[in-house]
Amino acid sequence: MCGITGYTGFNQAGPILLEGLKRLEYRGYDSAGIAVQDESEIKMLKATGKVSHLVEKFEATPDFTGVCGIGHTRWATHGIPSDTNAHPHLSADGKFAVVHNGIIENFAEIRAELQKYGIEFKSETDTEVIVQLLAYNYKGNFKMALMKTIARLEGSYAIGVISADHPGTILAARLSSPLIIGIGIGENYFASDITALVSNTKNVIDMDDGEVAEITPEEVKFYDHAGREINKEIRHITWDIASAEKSGYEHFMLKEIMEQPQALKATIEPRVKDESIVLDELNLDMKKFNRIHITACGSAYHAGCVGRGIIESLCRIPVEAEVASELRYRDPIMDEKTLVIVISQSGETADTIAAMKECRSKGATILAIVNVVGSSIAKLADYCLYTWAGPEIAVATTKGYTTQVVLLAMFAVWAAGEMKTISQGAYISMVKDIMRLPERAQRALDLNSRVKTMAEKYFDNSSLFFIGRNMDYAVALEGSLKLKEISYLHSEAYAAGELKHGTIALIEPGRLVVALCCYEKLLDKTISNIQQVKARGARVLAVAHEGNRAIFTEADDVLSVPVTDPLLVPVIEIIPLQLFAYYVAKKNGCDIDKPKNLAKSVTVE
Ligand code: M6R
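Reading guide: rules and limits
- Residues numbered from 1 in each chain as written.
- Predicted model: local features only at pLDDT ≥ 70, side-chain atom pairs only at ≥ 80, totals over all residues.
- Heavy atoms only, no water.
- Pairing = 2+ DSSP bridges.
- Helix = DSSP H or I, 4+ residues; strand = E, 2+ residues; numbered from the N terminus.
- Contact = heavy atoms within 4.5 Å.
- Axes fitted to C-alpha atoms, helices over the stretch in contact; angles between N-to-C directions.
- Core = buried A, V, L, I, M, F, W, Y, C linked by side-chain atoms within 4.5 Å.
- Buried < 20%, exposed > 50% of the residue type's maximum accessible area, 1.4 Å probe, protein only.
- Domains from an automatic or database assignment.
- Near = heavy atom within 4 Å.
- Polar contact = N/O pair within 3.5 Å; in protein donor to acceptor, adjacent residues only side chain to side chain.
- Areas by Shrake-Rupley, 256 points an atom, 1.4 Å probe, with all protein chains shown as cover.
- Salt bridge = Lys/Arg side-chain N within 4 Å of Asp/Glu carboxyl O.
- Buried area = accessible area lost by both parts, 1.4 Å probe.

Enquirer: Help me understand the sheet that holds strand 6 (residues 96-104), please; the structure alone is not making it clear to me.
Expert: In any sheet, the strands associate via hydrogen bonds between backbone groups, in a parallel or an antiparallel arrangement. Strand order in the open sheet formed by seven strands is 5-6-7-8-12-13-14, and the pairing between neighbours is antiparallel. If you trace the sheet from one side to the other, it starts and ends with strand 5 (89-90) and strand 14 (229-230), each paired once. Sheet topology note: the strand 13 (residues 220-223)/strand 14 ladder contains two bridges and is antiparallel. Residue Tyr223 lies in a different strand from strand 14, and its bridge partner there is Glu229. Running at roughly 135° to strand 6, helix 4 (residues 128-137) makes contact with strand 5, strand 6 and strand 7 (155-163) of the sheet. Contacts from helix 5 (residues 142-152) reach strand 6, strand 7, strand 8 (170-175), strand 12 (212-215) and strand 13, with the element oriented near 160° to strand 7.

Below is the structure:
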């Protein structure tokens, strides 16, 4: 939810920390701060609002010097966004500063206890207890004090701490929140994710739960929960800084929409050999399962709704899809004959992790579909398939979603092959259609300027509806979410056949209805629903397959996308809707990459 970073070396820490925070800003952007250790004091700068405000303060503070420091960009959970609640937090004696991503669930209890000892708290945050407890526990050994402190913490954390008395040393620790160490020469780093480090080093070490890192300019030492030193492996990052930058696009979202053909290709091609789907990562006996549950949040859940349709259709096994925040508390009926598929771009979503643990406790096998390599979900799952989409920075997911859908489709074809529920002809036809998706996605992207025109025509609708049936309905869910999250317009997705059961009361003259018409088996039915809303004065923007002429007499405007297999429709059909959301938000002057109240990685409940 928040982004943290740290640096220790021979350069001034301030500019390096600020650069890292700019790259981490997608994780939270309501306030930011940095602290550096200089001589035997800790200097701190904080600003409410975006990292750019902090940069202004930094530029106006020439004596903010120091070669070891920590930084934080915040998505508020405890206490309003303010300078006081912004991280880093300082201990009452001014000796320690901490940045933290996660939630300390027992903070109230620790806070009350420390207050009894006369320790005064300045902020409303849960985080401040970490640094106050650390200072209380400190008896001359920095690492021991941190180990003792984290032993008391419940919840989740990725922490970076500096000490006025320990020049050049940063301690870092993690539990259920991502934390990566960057290895340099004579300088070392930590951060919530690779994007903050990639311009400085490509050698990283993933920290695991319960571990502590002692970072100095010369070396990084790792310790397990009992304080025993452990060895960790260095991972070399293959993508470069351009992947984490806008490469000439105005927004990350547009860049990531445009990257979809390559992202799909990277996800598909390594897994197809001689017209067969090869999932080397899966050593699964599919015959062992009698049902599948899919769980995820937000867009990943929408991808799961598509996946449910594809898997059920090809594998003839019951499949349920449910949002993780509900599943985790529902006491779901499942056992060792259940396969649970969890989907997550970030691999760090708290609700998804909790649902996954709940399912595991019931004996289910967990297969994760994840984008971020080495993320918590990837590590916790029994099996993991990576969507090779590359870094996704915009808060609104685009290439993350389409690569999830295609990987679910590939899994479905593979599983149907294993379970012998698909004919050889249908199998090969699906594989061929999957292989053609990158090229078809490119053709859908060629609608860019036409979609922009549509957005300019319809951008001022205050409330709109997305309708569709079957696969089109699953896409409607995602198209509607995309629009509302970045343009702040009220938007609802409806199964087209459900409109007449209530929602049609909201259709009035001028209301925009986006009708998804690519699932051709039910096209006639959707056209009837279009006629019903048109009869009540709605304007209709349809997305249909190229060659569908009938739709031109029904809808006010049409976006025609390349024809593909009915089960693969969502991968192509969502593309004009992503572009539509983007251009509507742009026309409305919204902050597209950092929509209000949202953050990229939702690591809190
Ligand atoms: O990282 P995850 O895929 O687990 O994230 C799940 C949702 O938080 C995410 O899809 C969210 O709905 C996006 N803002 C949608 O664009």
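Enquirer: What is the right way to read the nonpolar core from this model?
Expert: Side chains of nonpolar character tend, in soluble globular proteins, to be buried together. In this structure, Met286, Ile292, Ile311, Ile341, Phe411 and Phe580 are the most contacted members of the largest nonpolar core, which totals 103 residues. For this core, the element with the most residues is helix 12 (residues 399-419), which contributes 14 residues. The two domains that each donate at least three residues to this core are domain 2 (251-435) and domain 3 (441-590). When near neighbours in sequence (up to four residues on either side) are disregarded, Ile311 contacts Ile292, Ile294, Arg316, Ile317, Val319, Ile341, Phe411 and Ala412.

Enquirer: What is the right way to read the site of the ligand from this model?
Expert: Around the ligand, a shell composed of 15 residues is seen, among which Ser344, Gln345, Ser346, Thr349 and Glu485 lie nearest. Within the contact set of the ligand, a nitrogen atom lies 3.4 Å away from a backbone nitrogen or oxygen of Val395. Its free accessible area being 410 Å², the ligand has 91% of it covered by the protein chains. Looking at the shell around the ligand, the elements that each hand over two or more residues are helix 8 (298-315) and helix 16 (471-487). When residues of the shell around the ligand are assigned to domains, at least three fall in each of domain 2 (251-435) and domain 3 (441-590).

Enquirer: Hey, could you run me through the pattern of salt bridges in this one?
Expert: As a working rule, side chains carrying opposite charge can pair if their charged atoms are close by. For the structure on display, the rule yields 36 salt bridges. Residues Glu113 and Arg152 are paired through a salt bridge, measuring 3.0 Å at the closest nitrogen-oxygen approach. Here Glu113, found in helix 3 (residues 107-116), pairs with Arg152, found in helix 5; they are 39 residues apart in sequence, far enough to count as distant. When its relative accessible area of 27% is taken as the criterion, Glu113 is described as partly exposed. Here Asp331 and Lys362 are joined by a salt bridge, their closest N and O atoms 2.5 Å apart. In this pair, Asp331 is assigned in the loop between helix 9 (324-327) and strand 20 (338-344) and Lys362 in the loop between helix 10 (350-361) and strand 21 (365-370), connecting sequence segments 31 residues apart.

Enquirer: Explanation requested: the domain arrangement of the protein in the structure shown.
Expert: One frequent convention defines the size of an interface as the accessible area lost when the parts assemble. Domain assignment breaks the protein into domain 1 (3-242), domain 2 (251-435) and domain 3 (441-590). In this assembly, 28 residues from domain 2 lie in contact with 24 residues from domain 3. Of the roughly 2200 Å² buried between domain 2 and domain 3 on both sides combined, carbon and sulfur atoms contribute 74%. Ranking the residues of domain 2 by area buried against domain 3 places Met253, His302 and Tyr401 at the top, with a combined share of 20%. Summed over the shared surface of domain 2 and domain 3, the result is zero salt bridges. Those elements that place two or more of their residues in the side of domain 2 that touches domain 3 are helix 6 (252-258), helix 7 (260-268), helix 8, helix 12 and helix 13 (424-435). When residues in the side of domain 2 that touches domain 3 are grouped by element, the largest group, nine residues, is from helix 8.

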